[in-house]
Amino acid sequence: MGDMGYTRGASFLDRAVAALADGWPAPQPLIASIEPEPYPMDALPGGIAAAVQEVAGFVKAPLPLVASSALAAVSVAVQAHADVKRAEKLHGPAGLFLLTIADSGERKSTCDGFFTAPIRDYQDQQAALLRPDIERHNADHAAWKAKREGLLAAVKDAAKKGDPIAELQAQLVSHERDEPNAPRVPKLILGDETPESLAWGLVHRWPSAAVISSEAGVVFGAHGMNRDNAMRNMALLNVLWDGGRHDVGRRTSESFTVKGARLTVALQVQEATLRGFFERTGALARGTGFLARFLVAWPESTQGSRFFTEAPEAWPRLAAMHRRLSELLNDPVHMTPQGELLPVMLNLSAKAKEAWTAYHDAIEAELSSGRDLYDVRDVASKSADNAARLAALFHVFEHGTGGGVGLEAMRSASRIAAWHLSEARRFFGELAMPEEQGNAVRLDRWLIEHCKRKGTHFVSTREAQQFGSVRDKTAYQAALRELEELDRVRVVQEGRRKAIKVNPALIGGAS
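As a starting point, this report considers the structure included with it. Computed from a predicted model, the values in this text were never measured in an experiment.

Conventions adopted
Residues numbered from 1 in each chain as written. Predicted model: local features only at pLDDT ≥ 70, side-chain atom pairs only at ≥ 80, totals over all residues. Heavy atoms only, no water. Helix = DSSP H or I, 4+ residues; strand = E, 2+ residues; numbered from the N terminus. Buried < 20%, exposed > 50% of the residue type's maximum accessible area, 1.4 Å probe, protein only. Pairing = 2+ DSSP bridges. Axes fitted to C-alpha atoms, helices over the stretch in contact; angles between N-to-C directions. Contact = heavy atoms within 4.5 Å. Phe/Tyr/Trp six-rings, centres within 6.5 Å; stacked < 30°, edge-to-face > 60°. Patch = residues over 30% accessible without salt bridge, like charges linked within 9 Å, V, L, I, M, F, W, Y side chains within 5 Å. Areas by Shrake-Rupley, 256 points an atom, 1.4 Å probe, with all protein chains shown as cover. Salt bridge = Lys/Arg side-chain N within 4 Å of Asp/Glu carboxyl O. Lys, Arg positive; Asp, Glu negative; His and termini not counted. Charge placed at Lys NZ, Arg CZ, Asp CG, Glu CD. Expected span 1.5 Å × (residues − 1). Core = buried A, V, L, I, M, F, W, Y, C linked by side-chain atoms within 4.5 Å.

## Brief notes about the overall build of the chain
- Each helix and strand counted, the chain has 19 helices and 13 strands in total.
- Among the 511 residues that make up the chain, the fraction classed as buried is 50%.

Here is the structure:
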């Protein structure tokens, strides 16, 4: 087929004409879909980009997934040290919420492990350093508790005898005020915490943390996110993204207030789980702005093409990033005696402010009815905020908390924020489709990308179901029939097996 002129440089019309000459009709459009954009690797700061490339070269996970793992680690290391001011009265945290939509097996846990290693090492070091303080506190608290029990027993005994108890009550009140406070031990990396446990830990353990999970179905699919209490849980996470105040009322123990805390969230969720979450919660996730706060990535799977290569010797680029993360983590964290963070407020330089304003206004112009971002205006309205957060992270990673955020950091951050906005637009646009049509779109995209990557027009039906984006047998067969009816593929017999032949007009120069 190579002599039919299916060259990669040819236009779609040229390829369609060549396909017609080979007996193919022109493929009918599936939908007016948004094509995925390449991840803007050159927008990442050099030290981060180099580490991402090094890890991706070995792990073979989708590049946006690897980059999101790296950005999550930077967010954790920086968020306690710096907030960012976009304009007067417009300021907030630098921490990120990241959401990667992908099947299990895409190696997010592996990628997270590479980038969070210095954070976990820091936690272990701090726990070891503070162990004597913890042991002393445990002894002091045991003594305090024993005295409290003694006072309670004395009050009970006096009351039985009819003796006055006012003095004992006063002693008990004074004793309650003297309860020893536990030393604050940094615990930054959390798993699938319940919202209340997360809030309690930020108040009583350490005011900066991250929820990092490669199986976010526990978050999006668990009891904690059913419709009855989804609003309350999403409200907590929204407030933590905003850096605001949240009161937690409890019936059986002391209520508390989360204030001055910072949180990073980095999740991977399967598409089916996320669809189920939307079905259970209705419009809550979009209407409350919960998902609008996330930087969404929806990368193509690399499964089936992750052939082994040796790891780089000593991992020099990743090691350099680890050193910088360790430096940031070991910088003193400033907080009030009550455990509320006091981060430095970063300002935008004059030129960075101009660039941020231009990005903000370009987004705003597309939010009205009929414009490109109208259907994702909830997500788009947070994009400039996320650009400022990314710029602050880049500035601190490269230069520390001194000075203002520069033009280069803001330009780079705006490109990455724009890429994530495009991904959100792609995903939420397809999420609104009927499931059957969405399956056809996803299978079509996988087939085209697979054939381009392999330099072929053929893929076995078994391989497409096993490694493709639609694996349920019934859904897969329905999607394949839809693509056949639109002349985008043909199912042909190749000896004893069936194969899918993709219309050459869709892929160009394979043979």
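## Observations regarding the sheet that holds strand E12 (residues 489-494)
- The 3 strands are arranged E11-E13-E12 in an open sheet whose pairing can be described as antiparallel. Because the sheet does not close on itself, it has two edges, and the strands there are strand E11 (458-460) and E12. Looking at each pair of strands side by side, their axes are set apart by 35° on average, direction ignored.
- Taken together, the 3 bridges between E11 and strand E13 (residues 497-502) define a ladder with antiparallel strand orientation. Bridge pairing links Val459 to Ile500 in E13.
- On the sheet, helix H17 (residues 435-454) packs against E11, E12 and E13 and is oriented at approximately 115° with respect to E11.
- Across the sheet, helix H19 (residues 473-485) lies against E12 and E13, angled at about 110° from E12, the strand it touches most.

## Quick word on the packing of aromatic side chains
- Evaluated as defined, the whole model comprises 8 aromatic pairs.
- Summarising the aromatic geometry, the rings of Phe114 and Trp315 are spaced 4.9 Å apart at their centres and angled 40° between planes, so their arrangement reads as tilted. Of this pair, Phe114 sits in helix H4 (residues 108-129) while Trp315 is found in the loop between strand E9 (294-297) and helix H12 (316-330), placing the two residues 201 residues apart along the sequence.

## Considering the sheet that holds E9
- Ordered in space as E4-E5-E8-E3-E9, the 5 strands form an open sheet in which the pairing is parallel. A single partner strand is all that each edge strand has here, and the edge strands are strand E4 (189-190) and E9.
- For strand E5 (residues 208-213) and strand E8 (residues 262-269), the ladder comprises 6 bridges, and the chain directions are parallel. Bridge pairing links Val211 to Val265 in E8.

## Focus on a negative patch on the surface
- Judged by side-chain charge, Glu279, Glu435, Glu436 and Asp472 come together as a negatively charged surface patch.
- In this structure, Asp472 sits in the loop between helix H18 (461-467) and H19.
- Relative accessible area serves as the criterion here: at 47%, Asp472 is assigned to the partly exposed category.

## Let's talk about helix H2 (residues 46-59)
- Taking 1.5 Å of rise per residue, 14 residues should cover 20 Å, and H2 covers 20 Å from first to last C-alpha, within 8% of that figure.
- Those residues of H2 not exposed but buried are Ile48, Ala49, Ala51, Val52, Glu54, Val55, Ala56 and Val59.
- Of the surrounding elements, those touching the buried residues of H2 are helix H3 (63-78), H4, H12 and helix H15 (383-399).
- Where H2 ends, the next residue or the one after it, Lys60, has phi of about 65°, a positive value.

## Concerning the nonpolar core
- If you look at the biggest cluster of nonpolar residues, it comprises 115 residues, and the most contacted ones within it are Leu44 and Phe115.
- A total of 11 residues in this core trace back to one element, the largest contributor, which is H3.
- Those residues in contact with Leu44 that sit more than four places away from it in its chain are Tyr39, Ala49, Val52, Ala67, Leu71, Phe394 and Ile416.
- Listed in part, the 22 residues of the second largest apolar core include Leu30, Ala440, Leu483 and Leu506.

## Considerations on the pairing of E12
- As paired strands, E12 and E13 are joined by 6 bridges and run antiparallel to one another. Across the sheet, residue Glu494 finds its bridge partner in E13, namely Arg497.
- The hairpin turn running from E12 into E13, its antiparallel successor, is 2 residues long, and Gly495 in that turn takes a positive phi close to 65°.

## What about the environment of Phe394?
- Inspection of the secondary structure assignment puts Phe394 in helix H15.
- Overall, Phe394 belongs to the buried group, its relative accessible area being 2%.
- For Phe394 and Val405, which are 11 residues apart along the polypeptide, the C-alpha to C-alpha distance reads 8.6 Å.
- Excluding residues that lie within four positions of it along the chain, Phe394 makes contacts with Ala43, Leu44, Pro45, Ile48, Leu71, Ala409, Ser412, Ala413 and Ile416.

Geometry only, nothing functional implied.
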